[in-house]
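# Summary of structural features
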Amino acid sequence: MTCFLYLTDTHFGANPIGFHQQPAYPERLADLIDALRGEVIRHSADFVIHGGDLIDCCSVDLIRQAYDLLKLPVPVYLCLGNHDLDRPDAVELWLSHAPDLFIGGSPHYEVVCTSCVVHVMPNHWESGYEYYWKGAQMPCFTESQLHRLEQAIEAHPGKAHVLVTHSPVFGMSREQSGLDRVIHDAPETFRQSIVNLVRKHPGLKVVLSGHNHLNTLHLTEEAAFASASSLIETPFEYKLVEVSDTQVRMTTHRLDLSGLTGFSPDYNEARTYVQGREQDREFIVAIP
């Protein structure tokens, strides 16, 4: 059994906070990580994966401070998001000042476990600009990224495969939100690049993302596509992923902040769809 926690979009250093779905508290990240430490122990997690936008803008100081905050009893890995990559030399800074958040000195890497392989593959944001977010919101992968991912999947036959990238593959459905439109839908070319991979490689059972600050779940015959709400937004949630020889199970949990006195976070009742219905918050997919 492999067990890991998945969290995303902490935007450390934001002042004031920009995009958010529920009231956000980036200034309380140290307290939230302290609570997360207890969850790591409670679940006997093997590692933690941060799905991106660890910091709100890329600087050496913020990288170092966030890196220090993420000292947990188990390894922590990062899939770089757009806010982590808002300068041309961002990857160089991350690898120099927070090397333990990556494997093999690369932002694109594998976490190889007994029962599964987790592939961390940050998406780009504009064709022609690799690992550099200039402001465009057009997620994409390069052909070399996709080729490398396929090789890594084929190198581990018989295992379940999980892909982590920052941008969601599917938006939030109208049924979940109750609105008249799909929220944060993905460009068709980006979605199709991942859907094609899932169809070609039956072992690729789960795709995890962040960016939209929403708990969403899209199930197909081949795989589960899930996005996660922001850890720093009320009610401060993360996901638990458990992989056995026969199935992958994901559940959504809230941090226990009962020991944190003097903190009364707000909540926007008009946006309860952010947390999702029961069927948007958990899944079990069988491993063939």
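Conventions used here
- Residues numbered from 1 in each chain as written.
- Predicted model: local features only at pLDDT ≥ 70, side-chain atom pairs only at ≥ 80, totals over all residues.
- Heavy atoms only, no water.
- Helix = DSSP H or I, 4+ residues; strand = E, 2+ residues; numbered from the N terminus.
- Rg over C-alpha atoms; globule rule 2.2 N^0.38 Å.
- Buried < 20%, exposed > 50% of the residue type's maximum accessible area, 1.4 Å probe, protein only.
- Contact = heavy atoms within 4.5 Å.
- Areas by Shrake-Rupley, 256 points an atom, 1.4 Å probe, with all protein chains shown as cover.
- Lys, Arg positive; Asp, Glu negative; His and termini not counted.
- Charge placed at Lys NZ, Arg CZ, Asp CG, Glu CD.
- Core = buried A, V, L, I, M, F, W, Y, C linked by side-chain atoms within 4.5 Å.
- Pairing = 2+ DSSP bridges.
- Axes fitted to C-alpha atoms, helices over the stretch in contact; angles between N-to-C directions.
- UniProt positions renumbered as here; feature names shortened; annotations may be inferred.

Helix and strand counts for the protein come out as 7 helices and 12 strands. Relative to the compact-globule value of 19 Å for 288 residues, the protein shows a C-alpha radius of gyration of 18 Å, a close match. With the principal axes as the frame, the protein shows a C-alpha extent of 50 × 40 × 40 Å. Burial statistics for the protein: of 288 residues in total, 58% are counted as buried. Within the protein, contacts between residues separated by at least 24 positions form 72% of all contacts whose residues are at least 6 apart in sequence. Entry remark: accessible area of the protein is about 12,000 Å², with carbon and sulfur atoms responsible for 49%. On the protein, the mean spot of the 21 positive side-chain charges and the mean spot of the 37 negative ones are 2 Å from each other.

A word on unusual backbone geometry. Backbone torsion omega between Asn 15 and Pro 16 reads 5 degrees, so that peptide bond is classified as cis. By the secondary structure assignment, Pro 16 is in the loop between strand S1 (2-7) and helix H1 (29-43). The step from Thr 234 to Pro 235 runs through a cis peptide bond, and the omega angle for that step is 10 degrees. By the secondary structure assignment, Pro 235 is in the loop between strand S9 (224-227) and strand S10 (237-243). A positive phi angle is found at Asp 9, which is not glycine, with a value near 55 degrees. Phi at Asp 53 is positive, roughly 55 degrees, even though this residue is not glycine. Note that Asp 53 resides in the loop between strand S2 (47-50) and helix H2 (60-69). According to the relative accessible area criterion, Asp 53 is buried, its value standing at 2%.

So, about the nonpolar core. Trp 94, Leu 101, Val 118 and Leu 208 are the most contacted members of the largest nonpolar core, which has 72 residues in total. Top element by residues in this core is H1. It accounts for 6 residues. Contact partners of Val 118, with chain neighbours within four places excluded, come to Phe 4, Phe 47, Ile 49, Tyr 109, Glu 110, Val 111, Val 162 and Val 164. Ranked by size, the runner-up nonpolar core spans 18 residues in total, among them Phe 190, Ile 194, Val 195 and Ala 223.

The mixed open sheet is built from 6 strands, whose spatial order is S4-S5-S6-S7-S9-S8. A strand with exactly one partner marks an edge of an open sheet, and here the two such strands are strand S4 (109-112) and strand S8 (216-219). Within the sheet, the average angular offset between the axes of one strand and its neighbour, ignoring direction, is 15 degrees. Both S4 and strand S5 (residues 116-120) contribute to a ladder of 4 bridges, which runs antiparallel. Pairing of Glu 110 across the sheet is with His 119, part of S5.

This paragraph deals with the UniProt feature "domain: Calcineurin-like phosphoesterase" (unreviewed entry) in the protein. Following the UniProt record, the feature "domain: Calcineurin-like phosphoesterase" (unreviewed entry) maps to residues 5-213 here. Helix makes up 30% of residues 5-213 and strand 14%. Its end C-alpha atoms lie 16 Å apart.

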